[in-house]
Amino acid sequence: MVKIETAPAAAVKPVTLKAEAPQPARVVLDLANPAAKQVSVAGSFNNWQPEKTPLAPAGNGRWESALNVEPGRYEYLFVVDGQWLPDPNAIE
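All residue numbers here refer to positions counted from 1 along the written sequence of the relevant chain. Predicted model: local features are reported for residues with pLDDT of at least 70 only, side-chain atom pairs are reported and counted for 80 or more only, and whole-chain, interface and lining totals are derived from all residues. Only hydrogens and water are set aside when side-chain values are computed; all heavy atoms of the structure are taken into account.

## Details of the environment of Pro54
Going along the chain from the N terminus, every DSSP run of H or I of four or more residues is numbered as a helix, and every run of E of two or more is numbered as a strand. Within the secondary structure layout, Pro54 lies in the loop between β2 (39-43) and β3 (56-59). Expressed as a C-alpha distance, the spacing of Pro54 and Ala42, which sit twelve residues apart in the sequence, is 9.0 Å.

Here it is, written out as structure tokens:
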């Protein structure tokens, strides 16, 4: 007969792990288009709804918007005066 001894329940303490969620990243989108009258961005981060993310004029024909997004990969297009355009500075 084999006798297996276990530690008393009071001696076993659970370990608490504190896993913090990754913080949203701040991403700045920038587009140079001096002729533009209205610029926004549509992408997987805003359900492809350009009206949710307008860019503001930043001077010298540049448009900017700062976004807080969760870590990950996103697809997007600029919408310039109603025309959907890829980011000319995008690597991929």
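On we go.
## Topic: the layout of surface pockets
Within this model, the largest pocket holds a volume of roughly 510 Å³. Lining the largest pocket are 17 residues; nearest its centre among them are Arg73, Tyr74, Glu75, Tyr76 and Ala90. Residue composition of the lining of the largest pocket, grouped by class: eleven nonpolar, two polar and four charged. Buriedness of a pocket was judged along seven lines, with at least five required to meet protein on both sides within 12 Å; pockets are open sets of points on a 1 Å grid over the protein atoms alone, cavities are sets where a 1.4 Å probe fits but cannot get out, and lining residues have an atom within 4 Å of a point. Grid points are joined across faces, edges and corners, and a volume is the space filled by probe spheres set on the points. In the scheme used here, Gly and all other residues not listed as nonpolar or charged are polar, with Ala, Val, Leu, Ile, Met, Phe, Trp, Tyr, Cys and Pro taken as nonpolar and Asp, Glu, Lys and Arg as charged.

## Looking at the nonpolar core
The biggest cluster of nonpolar side chains holds eleven residues, and these are Leu29, Leu31, Ala36, Val39, Val41, Leu55, Trp63, Leu67, Val69, Phe78 and Val80. Going through the elements one at a time, β1 (25-32), β2, β4 (62-69) and β5 (76-80) are the ones with two or more residues in this core. For this core, the leading source of residues is β4, giving three residues. Two residues form a contact once any of their heavy atoms are found within 4.5 Å. Look past the residues within four positions of Val41 in its chain and what remains in contact with it is Leu29, Asn46, Gln49, Pro50, Thr53, Leu55, Tyr76, Leu77 and Phe78. Here, the term nonpolar core denotes a set of buried Ala, Val, Leu, Ile, Met, Phe, Trp, Tyr and Cys residues that are joined through side-chain atoms within 4.5 Å. Note on classification: 1.4 Å probe, protein chains only; a residue is buried when its accessible area is under 20% of the maximum for its type, exposed when over 50%, partly exposed between these limits.

## What about the sheet that holds β3?
As summarised here, the arrangement of the three strands in space is β1-β4-β3, forming an open sheet in which the pairing is antiparallel. The outermost strands of the open sheet, each flanked by one partner alone, are β1 and β3. Put simply, the sheet's adjacent strands are angled 35° from each other on average, direction ignored. By the convention used here, strands pair only if DSSP detects at least 2 bridges between them. Bridge count between β3 and β4: three bridges; the pairing is antiparallel. Axis definition: a line fitted to C-alpha atoms, limited for helices to the stretch in contact. Angles are taken between N-to-C directions and run from 0 to 180 degrees.

## A look at the packing of aromatic side chains
Each pair of aromatic rings taken from Phe, Tyr and Trp, with Trp reduced to its six-membered ring, is defined by centres within 6.5 Å and is described as stacked if the planes are under 30 degrees apart, edge-to-face if over 60, and tilted in the remaining cases. If you walk through the whole model with that rule in mind, you get two aromatic pairs. An angle of 75° between the planes, with centres 6.1 Å apart, marks the rings of Phe45 and Tyr74 as edge-to-face. One end of the pair, Phe45, is in the loop between β2 and β3; the other, Tyr74, is in the loop between β4 and β5, and 29 residues separate them in sequence. Ring centres of Tyr76 and Phe78 lie 5.9 Å apart, and the angle between their planes is 80°; on these two criteria the pair is classed as edge-to-face. What makes Tyr76 partly exposed here is its relative accessible area of 24%. You can call Phe78 buried: its relative accessible area is 0%.

## Concerning the environment of Ala25
Here Ala25 is to be found in strand β1. Sequence separation of Ala25 and Pro71 is 46 residues, and the distance between their C-alpha atoms is 6.3 Å. In contact with Ala25, not counting residues within four places along its chain, are Leu67, Asn68 and Val69.

By themselves, these are just geometric observations and shouldn't be taken as functional.
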